[in-house]
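# Examining the three-dimensional arrangement
Single-letter residue listing:
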Amino acid sequence: MEEKRENWGSKFGFIMAAAGSAVGLGNIWRFPYLAGTNGGSAFIIIYLGCVFTIGLSIMTAEFAVGRKSGLSAVGAYMSVSKNWTFAGVLGVLSGFLIMGFYPVVGGWATAYMFKSVTGLLKDASAVGDAFGAFISNPVQPLIWMGLYMVLNIIIVARGISSGIELASKVLMPALYVMLFIIIVRSVTLPGAGAGLAFLFKPDFSMVTGKTFLAALGQAFFSLSLGMGCMITYGSYLKKDQNLPNNAAIVVSMDTSVALLAGIAIFPAVFAFGLDPGAGPGLVFVSVPLVFAHMGAVGPILSFIFFTALMVAALTSSVSLLEVVVAYLIDQRKMKRVNAVIITSVIMIIMCVFASLSLGVMADKPIPILGVGAFDLFDILTDKIFLAIGGLLLAVFIGFVMKKEDLKKELTNEGTIKFGAFELWYNFTKFVAPVLIAIIAISGIISMKDKVALMLFGVGIIVVSALFSKKFK
Ligand code: PHE
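Residues numbered from 1 in each chain as written. Predicted model: local features only at pLDDT ≥ 70, side-chain atom pairs only at ≥ 80, totals over all residues. Heavy atoms only, no water.

### As for the site of the ligand
Inspection of the region around the ligand gives 15 residues, with Ala-22, Gly-26, Tyr-102, Phe-221 and Ser-224 positioned closest. In this structure, a nitrogen atom belonging to the ligand sits 3.0 Å away from a side-chain N or O atom of Ser-224. Notes on the ligand: free accessible area 320 Å², of which the protein chains cover 100%. Elements supplying a minimum of two residues to the shell around the ligand: helix H1 (11-22), helix H2 (25-37), helix H11 (209-222) and helix H15 (297-332). (Near = heavy atom within 4 Å. Polar contact = N/O pair within 3.5 Å; in protein donor to acceptor, adjacent residues only side chain to side chain. Areas by Shrake-Rupley, 256 points an atom, 1.4 Å probe, with all protein chains shown as cover. Helix = DSSP H or I, 4+ residues; strand = E, 2+ residues; numbered from the N terminus.)

Right under this line is the structure:
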């Protein structure tokens, strides 16, 4: 028997779930280190520009496409044009690829919750080495990742309203509370002002083309755009919801958490004279170091910080899993539980490779490509697939869907106002694709082994295009 398609229980629940998807490692782990390595405030200003132009318009577009069709990524594209099925398939593939490394970092965050209170912070000089030793250990990270995945799987298996929505309604407000606690401590440290100045005093001397691209790429990743995630979440929305409004709220929440994470981290980093440009290790090395210098409250604050990180990651990886699960339910008519089991098995295999690629398999990169599984999944999605997915969506909106249909969807059949419709439509149709093309191309160009990775990306696109023929 076919299961009845679910809906979000309430507007609040949907917003928490969509913001939960957007707010994740991208905000608390990636945003601060990108800001730190790209000159702070100037990067942030450019990032905000990207988020509130391209990000907001693509988010609105994804909600519209999802709710109009009432189907997840593949079905949504297919219901408008069979020729576009591949764009949905590409989204599902991106979901798989992100799922192949995201839970690894989620597992680290889980481990650090416990390490925070079990002696990690006792010896500040050992914090950096401890991280390196931990992530390259063949067994330890896998155990933590397993624990993190179990939570993930349970939430998605419980379905939309009593799984994802319920978890997000509890976890998202908790995340804000935890961040505020850390901020209060951080900004009251002597010397914290330098960190705030780093974040908010514009200094454009560090800006180059690279800054701009880093900001655009980060906007896509952080808002969960370009892979059908917000199409899928939009498909569970009731017809009376105001889509442009919801998109604006979700985008603002995502941005606020990124900024709050910056305000939590940088004042403390500056107060203790650490390097703001420490890179990807910022959250797992510099932040614990900060806590190690705080005396008795250190372990407690550190526990709170990593719990916040884990919670943020969890509501995002739940959405990644849901993109694939929803596809199997909608298109393959599977039962939710079976879809979750199949997807999880593949996810676990990919993650094991991703985790081992940072340790015992570090000296055995993938032939020709020259990178490990973790980096491959990360680069392919962040640098290529999300941008291509966003570009395809913008073109699809502008040149395939009917303008009239979009207007009806975004104004709930004319019952609510969307004053900026023309602006949104023309921006999405003409400006966004060009800007996104710039990100995608320079993303590919800036990669380590350009030719090999490019071929790999093109190969996957071709495979997915062929694969999609099956649905015709
Ligand atoms: N937006 C999430 C983050 O910031 C990552 C993500 C990307 C989740 C794409 C779902 C889809 O961490």
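### Regarding a nonpolar patch on the surface
Residues Val-337, Ile-341, Val-345, Ile-349 and Phe-353 make up a contiguous nonpolar surface patch of about 450 Å² in total accessible area. One can find Ile-341 in helix H16 (residues 336-356). Given a relative accessible area of 48%, Ile-341 falls into the partly exposed group. (Patch = residues over 30% accessible without salt bridge, like charges linked within 9 Å, V, L, I, M, F, W, Y side chains within 5 Å. Salt bridge = Lys/Arg side-chain N within 4 Å of Asp/Glu carboxyl O. Buried < 20%, exposed > 50% of the residue type's maximum accessible area, 1.4 Å probe, protein only.)

### Examining the pattern of salt bridges
Counted according to the given criterion, the structure contains six salt bridges. The partner of Arg-67 in a salt bridge is Glu-409, with the nearest N and O atoms 2.7 Å apart. A residue pair is termed long-range when its members are at least 10 positions apart, and Arg-67 in helix H3 (residues 41-69) and Glu-409 in helix H18 (residues 403-410) qualify at 342 residues. Glu-409 carries the same exposure label as Arg-67, and that label is buried. Within this structure, Arg-67, Lys-239 and Glu-409 form a network of salt bridges that share partners.

### Describing the packing of H1 against H15
Orientation of H1 relative to H15, taken along the N-to-C sense of each, is 100°, at an axis distance of 7 Å. Our classification of the angle between H1 and H15 gives roughly perpendicular. Facing Gly-20, Ser-21 and Ala-22 of H1, the residues of H15 in contact are Ala-312, Thr-315, Ser-316 and Ser-319. In the contact of H1 with H15, the residues fall into two nonpolar, five polar and no charged. (Axes fitted to C-alpha atoms, helices over the stretch in contact; angles between N-to-C directions. Parallel < 35°, antiparallel > 145°, perpendicular 65-115°, else oblique. Contact = heavy atoms within 4.5 Å. Nonpolar A, V, L, I, M, F, W, Y, C, P; charged D, E, K, R; others polar.)

### With respect to helix H7 (residues 127-136)
Among the residues of H7, those classed as buried are Val-127, Phe-131, Phe-134 and Ile-135. Within H7, the buried residues cover an arc of 85° as seen down the axis, which keeps them to one side. Packing partners of the buried residues in H7 comprise helix H6 (102-117), helix H8 (140-157), helix H14 (282-292) and H16. (Arc of directions from axis to C-beta.)

### Here's the deal with the packing of aromatic side chains
The final tally for this structure, using the stated rule, is 34 aromatic pairs. Arranged with centres 6.4 Å apart and planes meeting at 55°, the rings of Phe-418 and Trp-424 form a pair that is tilted. Take Phe-418 and Trp-424: they sit in the same class, and that class is buried. Here a set of aromatic residues connected by ring pairs shows up, and it is made of Phe-101, Trp-108, Tyr-112, Phe-131, Phe-134, Phe-284, Phe-291, Phe-305, Phe-306 and Phe-374. Its guanidinium or amino end placed over the ring of Phe-221, Arg-30 lies 5.2 Å from that ring's centre, counting from NZ or CZ. Across the ring face of Phe-399, the terminal group of Lys-429 is positioned such that the distance to the ring centre comes to 4.8 Å. (Phe/Tyr/Trp six-rings, centres within 6.5 Å; stacked < 30°, edge-to-face > 60°. Lys NZ or Arg CZ within 6 Å of the ring centre and 35° of its normal.)

### Digging into the confidence of the model for the chain
Here the chain averages 89 in pLDDT, and 93% of its residues register 70 or above. Averaged over each element, pLDDT in the chain is lowest for helix H20 (residues 450-469) (68) and highest for H18 (97). (pLDDT = per-residue confidence, 0-100.)

### Quick notes on unusual backbone geometry
Positive phi values are uncommon outside glycine, yet Ser-224 reaches one of about 55°. Among the structural elements, Ser-224 can be located in the loop between H11 and helix H12 (229-235). With a phi close to 45°, Asn-412 is a non-glycine residue in the positive phi region. The buried category is assigned to Asn-412, whose relative accessible area is 8%.

### Observations regarding the environment of Tyr-148
Turning to its location among the elements, Tyr-148 is positioned in helix H8. Tyr-148 gets classed as buried once you look at its relative accessible area, which sits at 0%. Sequence spacing of Tyr-148 and Thr-37 is 111 residues, and the spatial spacing of their C-alpha atoms is 29 Å. Not counting chain neighbours up to four residues away, the residues in contact with Tyr-148 comprise Tyr-102, Pro-103, Gly-106, Gly-107, Thr-110, Met-310, Ala-313, Leu-314 and Ser-317.

### Re the environment of Asn-242
Relative to the elements of secondary structure, Asn-242 occurs in the loop between H12 and helix H13 (243-271). On a C-alpha basis, the gap between Asn-242 and Leu-410 in space is 7.3 Å, while along the polypeptide they are 168 residues apart. Other than its neighbours up to four places away in sequence, Asn-242 contacts Asn-412 and Ile-416. Here Asn-245 takes part through its backbone nitrogen, which lies 3.1 Å from a polar atom of the side chain of Asn-242.

### Concerning the side chain of Lys-429
Its location among the elements puts Lys-429 in helix H19 (residues 421-445). Glu-422 provides the closest opposite charge to the buried, unpaired Lys-429, separated from it by 9.3 Å. Beyond its immediate sequence surroundings of up to four residues, Lys-429 is in contact with Ala-394, Gly-398 and Phe-399. (Lys, Arg positive; Asp, Glu negative; His and termini not counted.)

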